[in-house]
Each structure stands twice: as C-alpha cells, then as structure tokens.
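Structural features, examined
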Amino acid sequence: MRSSSSNQHIVNSGHRRQTPPLSLLLLCFVCVVVIIVVLGSTSSKSLDSLSTSAIPDYYSNYRRLKEQAVSDFLEIRSLSLGITNTREFELFCKDRENYVLCYSVCASLLAGFHDGEEFDRHCEVSSVGQRCLVRPPKDYKIPLRWPAGKDVIWSGNVKITKDQFLSSGSMTKRLMLLEENQIAFHSEDGMNIDGVKDYSRQVAEMIGLGSDSEFHQAGVQTVLDIGCGFGSFGAHLLSLKLMTVCIAAYEVFGSQVQLALERGLPAMIGDFISKQLPYPSLSFDMVHCAQCGITWDKKDGAFLIEVDRLLKPGGYFVLTSPTTNPQGGSLSVKKVTVSTPLEEFTESICWSLLAQQEETFVWQKTADVQCYASRKEGKIPPICKADFDGQSYYQPLRSCLSGTTSKRWIPIQNRSTGSQLSSVELEVHGKYRIQPDDFQEDSELWRSALRNYWSLLTPLIFSDHPKRPGDEDPLPPFNMIRNGMDMNAHYGGLNAALLEEKKSAWVMNVVPIRSANTLSIILDRGFAGVLHDWCEPFPTYPRTYDMLHANGLLTYYKSEKCEVSDLFLEMDRILRPEGWVVLRDKFQAIEKARSLATQIRWEARVIELQNDNDQRLLVCQKPFWKK
C-alpha cells in the first residue's frame, strides 16, 4: 500500500437515486462536462468546488456532503462500469436489535449436536434469514467517551432487564449498579478478593513480582480472559497497557461479551466446547479464568490441552475457582489442596504450580522444550506428529500437545517488548517471514497512511455535530473512536501506527482465513487478533465497533464464493450508529462499494489518492436511525 498525501481531494459523496432514463443521464453528463470546461479544470478539485447545495438525506441532522451534479456524474460513470443501481435494503429486521447469527440452539439440536455443542457456533445449520438492516434499540444512546464510558454505560444499549439484573447472583454482576437509565461498574468493590486491584496485585505476587505494574518485566503483554464477567479485570489490565481480550459463550440476555464491548473493552464471543479457538499455537502470555464455569478435567483434559496450545513458552495459567469466603478479603495463603487429577495432569503437560492463595492457582508452562521428552511414561498426552499452526479455524479439540517443534518457541521472558519485533523474531514466521527492512518499510507506510486518515476524519469527528431532537447537549468531542476493526490486517501496521501516535483506540486485527496467515506476527506484536471467514458473520453483537477499516479486502473478497452485499450488511450490523468505515482498494472495487454503501443508507464519499491513480479511498458514516 502506498501512502497518500494529506491534501487528498474529495471526489464524491451522497445517496444514490433511482436510475433516470438514458436520455436524462446523457443530458446530465453533457451538463457536467460543460460546467467542468467553464471552470477550467479537470481535477477533482473542480468537482469539489461545485458542492454548494446539499442533497436531501434520510436524517435532517446529518451533513449534506455533495451537490447533485456530482452525484449524477458519478452515477453515469458507475453505469459505464456495469454497476447498476439496485434498491435499498429493507430498513428493519424485526426483533434483531441484539441478534447474533450462527447461534441457534434449536437448529443445532435438530442437526444432531448435543453434550453442550448445541450452544456452540454453527453457521452451517443456522438460517441467515431476511437480508435487512439492524436498527438500534428504542432507547439506544451513543456511548459515553472514555474514560467515563469504561465505567458507565446506557442500560438501553444492551439486552438486560431490571428483573434479570436484580435476580442475578453471580459475583461479577454484583459489581454493577443500576441507576435509572445507566449501569455503573464499580471495579474496586469485591471481585474475588478485596477488589480488582488487589486481585491483580495478588496474581503478580504469586508469579514472583512486586506489583502488577511489573507484568511486562515477566514477559506478559497479552492476556486471554475466559468467561470474563463484564470485563473489570480486563479493564484494569488495559490500564496497565496489557492487551486483554475477553472471550465468553453466546448469551441471549445479560451477555458478558456485549456488556464488555459496550464499555469499550476488547471482547468477542468464543468458547472451546468442541473446537479450538481461532488463534494459532503459542498466542498468549497469560490465560485467565475466574469462575468461568469450565470443568477443566473433563474430556480427558482436552480443555487444558487447548490452553497449553494457546500459551507461549513460559506463559501463565491463572485459575480462580468459586470461593467459599467471598467476603474474606485476605491475601494470606489458605490450606487448600489442588485436586489430584488436575495436579497430575498439569504435571504431565510440563506445567509447574507456582503458587496457591485461597482459591487462586497459578501455573507456568515450561520454557524448556526438552521437558516433554523427559516425562515419566504412562498416561500422558503425546506430542502432535505435526504442528497445526497453519490453520486453527473450526479445528476440533486435540488430545496431543502442539507447538513444541515451532520456530516460534521462544520464552516470553526473552521476547521484545512493544510492537517492534527483533530480526530474530521476524525470521521465525515460516513462509510468511519478513525481513527487518521490509517490516520497517511497512511500518513507515502505515504511519503516513494514518496521518492521512486522521487528517481526513478529524474535521468530521470533532466538528460541530448538530444535536439530535430530544437529546441533551453532547460534550465535545461528539464522536470519539474507542475501538476499530482492521478487517484485513496483514501485519497489524494500522494498529502499530495508532499506538505510536498515542491514539486511545484498540484494534481487532482480523486475518481472513484464505489469505496469508500472518496472525502469529500480529499476536507476537502484542495486538488483539483473530482468524475469520468473511463469508460468515463475525462472532460479536450488533453495534460493536466505532470504526471499520480494510485495505484490499474487496479485491480479495471478489474471489470468494459469497455476496459482497452480505459483507456490507454484516459491516453495518457490527458498526455502531455514527460509526465510520474507511476502505482502500482498486478503483472498480471502490465504485461497487460506494453503490452498496448507498443501498444501506451510509453517507459515502470517494477520495482520490494523488500518488496512486489505481487506488481509491471510500469514507462512510453510518447514520443514527431512531425507532
């Protein structure tokens, strides 16, 4: 991807109309050509200068972006490329405000899934149903900006009723306080020990550290939090600059994932009842489970083997089981014996029990690969005959240990900190390895691209956004990007550029499953990332992300056997109202994308890149539809 200059020119925006008669199209074309000649310029700046009158749109408070003559001109150009103007999608999906596709217990039971697998993700048996847009709930409000939005959310934005809230007996839900139309999260009031900070400090001390601010010194940069409650532990670790990703099973009401995402925290739906999580081997420095509801010694230890697969050499597994004394508040060691089967199994996979305090246990995975050869003979999990790093999407749980022959077997204590990998770390990524010079060049290109993106979006995000009827006066900035998704992340260059510019936004880096599998590089840089098939819905709730970005995804997607319109419907589902979409691709792909964007009622504009005639930038904003 080549960088574009900061003075990129806006070529077009606006909503598409019904296709007029051919004679009228030709007349409009001639009129536009005459106007261009009169103005004496053939550049896109000439078209921009025509933008003095606003076109009608669907919501009176949204910016009127371009003049009708420009829209007509690009309408004709789209027709010349064979892009026809199809009808807009139906606006409302009834009762779909919080719906997540691919999770249907009834359909899964009918298909023969049982023993808990009926609650798993099964896109192959779930009917997609009506192709329409998903509007927000009646009482939906734009999330509060950080840091206030991390601890206070609008109750109307999530699917949880007052009765369900009050009847809940779980410890994590007791951390919440329901006040009128808000839910407040009191992170310091009673999670596990004396609070989240005390709990985090306790885990650090059990590892052998002075405080949780020293996690980085122990090699911990990335944490997978299984069954994360509503993200209080993850929110605290994020404040320590640890990338913590929450995963939890799909829930119709009171979802842990939905509430964590509404707080602006990294989270996605996921479990490993029968399949591996969509990450390669050796992905995380720590895996954490606090009352996550998993019986770890079931299925002959398959769940623990999956944790072992995900852990990097020298990584930590933290397990807090249901405590018998939730009001105790003591950090002293409690004489509780680990169950013999669990203790024996962890020894058989070369884990060491570092410490036990009350109901919390901390194991460390071996950093010495020779440990596996020196194990006592008996009932021990074997070493996998081949590594399965190349593909971990929809793979069944395994009964063997993987990653032991990987070139990425580097203890976490020996890894670089930060997003810049050393030359040695870059050379271990198999056929996708990159040279330091190439890696540095990619980073420079993304720094330049981000500056251009931000210079383009900043006037729009921080401009005087009109107040919607009935809303209180918003505090500036009116639109704040808390998170984003890079739908074709490559090496995670956009994420790295955001960090370097100190932008307070985390990124979910998605690697399409049939593209080059660079996810291990992204995870080794300390970023959040996941494998995904964009022919399927993403495992998250509606209105998850503030910004969606993709470079080259549309060209890649063209070779897939699925509809691009379905991709745009999915993007609309997971994008919050007033969220942004930035797509960079080839000219024809962007023209088709602009057509689809208008069908789903996004405000769209095309940006010409001065340094690349074959590439275009499409910038869209999703409107806020009221019920």
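What you see is a predicted model; the values in this text were computed from it and never measured. Position labels on residues start from 1 in each chain and follow its written sequence. pLDDT decides what is reported in this predicted model: residues at 70 or higher carry local features, side-chain atom pairs at 80 or more are listed and counted, and totals for whole chains, interfaces and linings draw on all residues regardless. Values reported for side chains reflect all heavy atoms of the structure, with hydrogen atoms and water molecules removed beforehand.

With that out of the way, let us pick up the overall build of the protein chain. In this description a helix means any DSSP run of H or I spanning at least four residues, a strand means any run of E spanning at least two, and both kinds are numbered starting from the N terminus. For the protein chain, the helix and strand inventory stands at 18 helices and 18 strands. A burial count over the protein chain gives 59% of its 627 residues as buried. The contact definition used throughout considers only heavy atoms, calling two residues in contact when any of these lie within 4.5 Å. Counting only contacts in the protein chain whose residues sit at least 6 apart along the sequence, the fraction spanning at least 24 positions is 71%. Surface exposure of the protein chain reaches about 26,400 Å², of which carbon and sulfur atoms provide 54%. Each residue gets one of three labels from its accessible area relative to the maximum for its type: buried under 20%, exposed over 50%, partly exposed in between, using a 1.4 Å probe on protein chains only. For the accessible areas, the method is Shrake-Rupley and the probe is 1.4 Å, while residue cover comes only from the protein chains on display.

Turning to the sheet that holds strand β10 (residues 351-357), a few remarks are in order. DSSP calls a pair of strands paired once it identifies at least 2 bridges connecting them. Read from one edge to the other, the open sheet built from seven strands follows the order β7-β6-β5-β8-β9-β11-β10, with strand pairing classed as mixed. Where the open sheet ends on each side, the last strands, each with one partner, are β7 (267-269) and β10. The average angle at which neighbouring strand axes cross in this sheet is 20 degrees, direction not considered. Across three bridges, strand β6 (residues 243-248) lies against β7 in parallel orientation. For alanine 248, the partnering residue across the bridge sits in β7 and is isoleucine 269. The axes are straight lines fitted to the C-alpha atoms, using for helices just the contacting stretch, and the angles between their N-to-C directions are given from 0 to 180°. Sheet strands in contact with helix α8 (residues 232-239) are β5 (222-226), β6 and β8 (284-290), and its direction is about 165 degrees off that of β6. With respect to the sheet, helix α10 (residues 302-310) is in contact with β5, β8, β9 (311-320), β10 and β11 (360-365), its orientation differing from that of β9 by roughly 135 degrees.

Looking now at helix α7 (residues 196-207). Along its twelve residues, α7 runs 17 Å from first to last C-alpha, staying within 8% of the 16 Å computed at 1.5 Å per residue. Counting buried positions along α7 yields nine of twelve residues, so the element is predominantly enclosed. Buried within α7 we find Val196, Asp198, Tyr199, Ser200, Gln202, Val203, Ala204, Met206 and Ile207. Buried-residue contacts for α7 involve α8, β8, β9, β10 and β11. Taken from the residues just after α7, glycine 208 is the one with a positive phi, measuring 115 degrees. One less than the residue count of a helix, multiplied by 1.5 Å, gives the span that helix is expected to have.

Ring pairs shown here join Phe, Tyr and Trp side chains whose ring centres sit within 6.5 Å, with only the six-membered ring taken for Trp; geometry is labelled stacked below 30 degrees between planes, edge-to-face above 60, and tilted in between. Following the criterion strictly, the structure yields 16 aromatic pairs and no others. For the pair phenylalanine 568 and tryptophan 602, a centre-to-centre distance of 5.8 Å together with 40 degrees between the ring planes defines the contact as tilted. With phenylalanine 568 in helix α17 (residues 564-574) and tryptophan 602 in the loop between α18 (587-599) and β17 (603-608), the pair connects residues that are 34 residues apart, well separated along the chain. Taking the relative accessible area as the measure of exposure, phenylalanine 568 reaches 1% and is therefore buried. Connected via pairs of aromatic rings, a cluster forms that spans Phe272, Trp296, Phe303, Phe317, Trp351, Phe361 and Trp363. When the ring centre of tryptophan 154 is taken as origin, the NZ or CZ atom of lysine 141, which lies over that ring, is 5.4 Å away. Only lysine NZ and arginine CZ atoms are considered, and such an atom sits over a ring when it is within 6 Å of the ring centre and within 35 degrees of the ring normal.

On to the confidence of the model for the protein chain. pLDDT: the predictor's confidence for each residue, scored from 0 to 100. In this model, the protein chain carries an average pLDDT of 77, and 71% of its residues clear a pLDDT of 70 or more. Contacts of residues 1-19 to residues separated by more than four positions or lying in other chains number 92 contacts, the stretch itself having pLDDT below 50. In this model, residues 167-175 is a region of pLDDT below 50 whose contacts with residues beyond four sequence positions or in other chains number 20 contacts.

One speaks of a salt bridge when a side-chain nitrogen belonging to Lys or Arg is within 4 Å of a carboxyl oxygen belonging to Asp or Glu. Scanning the entire structure with this criterion turns up 18 salt bridges. Between arginine 408 and aspartate 524 there is a salt bridge, with its nearest N and O atoms 3.1 Å apart. Here the residue arginine 408 occupies a position in the loop between β11 and α12 (423-426), and aspartate 524 occupies one in helix α15 (residues 519-524), the gap between them amounting to 116 residues. Take arginine 408 and aspartate 524: they sit in the same class, and that class is buried. Several salt bridges share partner residues, and in doing so they unite Asp285, Lys312, Arg408, Arg415 and Asp524 into one network.

Now for the state of the cysteines. Defined by distance alone, a disulfide is two cysteine sulfur atoms within 2.5 Å. Tallied over the entire structure, the rule returns six disulfides. Through a disulfide, cysteine 350 is tied to cysteine 371; the S-S separation comes to 2.1 Å. Torsion about the S-S bond of the cysteine 350 and cysteine 371 cystine: about -100 degrees, corresponding to left-handed handedness. Placement of the pair is cysteine 350 in the loop between α11 (340-348) and β10 and cysteine 371 in the loop between β11 and α12, with a sequence separation of 21 residues. The class for cysteine 371 is partly exposed, based on a relative accessible area of 21%.

With that settled, consider unusual backbone geometry. Even without being glycine, lysine 241 reaches a positive phi, approximately 65 degrees. Examined against the element boundaries, lysine 241 turns out to sit in the loop between α8 and β6. Judged by its relative accessible area of 68%, lysine 241 falls in the exposed class. Positive phi, normally seen in glycine, also occurs at glutamine 291, with a value near 55 degrees. You can see glutamine 291 is positioned in the loop between β8 and α10. Since its relative accessible area comes to 33%, glutamine 291 is described here as partly exposed.

Before going further, it helps to examine the environment of valine 100. Here valine 100 lies in the loop between α3 (68-80) and α4 (105-110). Residues valine 100 and phenylalanine 538 lie 438 residues apart in sequence; the distance between their C-alpha atoms is 8.7 Å. Apart from the residues within four sequence positions on either side, valine 100 is in contact with Tyr250, Ile269, Thr540, Tyr541, Pro542 and Arg573.

So, about α17. A large share of α17 lies buried, amounting to ten of its eleven residues. Of all the positions in α17, only Val564, Ser565, Leu567, Phe568, Leu569, Glu570, Met571, Asp572, Arg573 and Ile574 are classed as buried. Turning to α17, the residues buried within the fold contact β12 (483-486), β15 (545-551), α16 (553-557), β16 (575-586) and α18.

Our focus in this paragraph is the nonpolar core. Among buried residues, the Ala, Val, Leu, Ile, Met, Phe, Trp, Tyr and Cys ones that are joined through side-chain atoms within 4.5 Å form a nonpolar core. Counting residues in hydrophobic clusters, the biggest one holds 71 residues, and the most contacted among them are Tyr279, Trp296, Phe317, Met485, Met508 and Leu583. Dropping the residues within four chain positions of it, leucine 583 is found in contact with Ala550, Leu554, Phe568, Met571, Ile590, Ala593, Arg616, Leu617 and Leu618.

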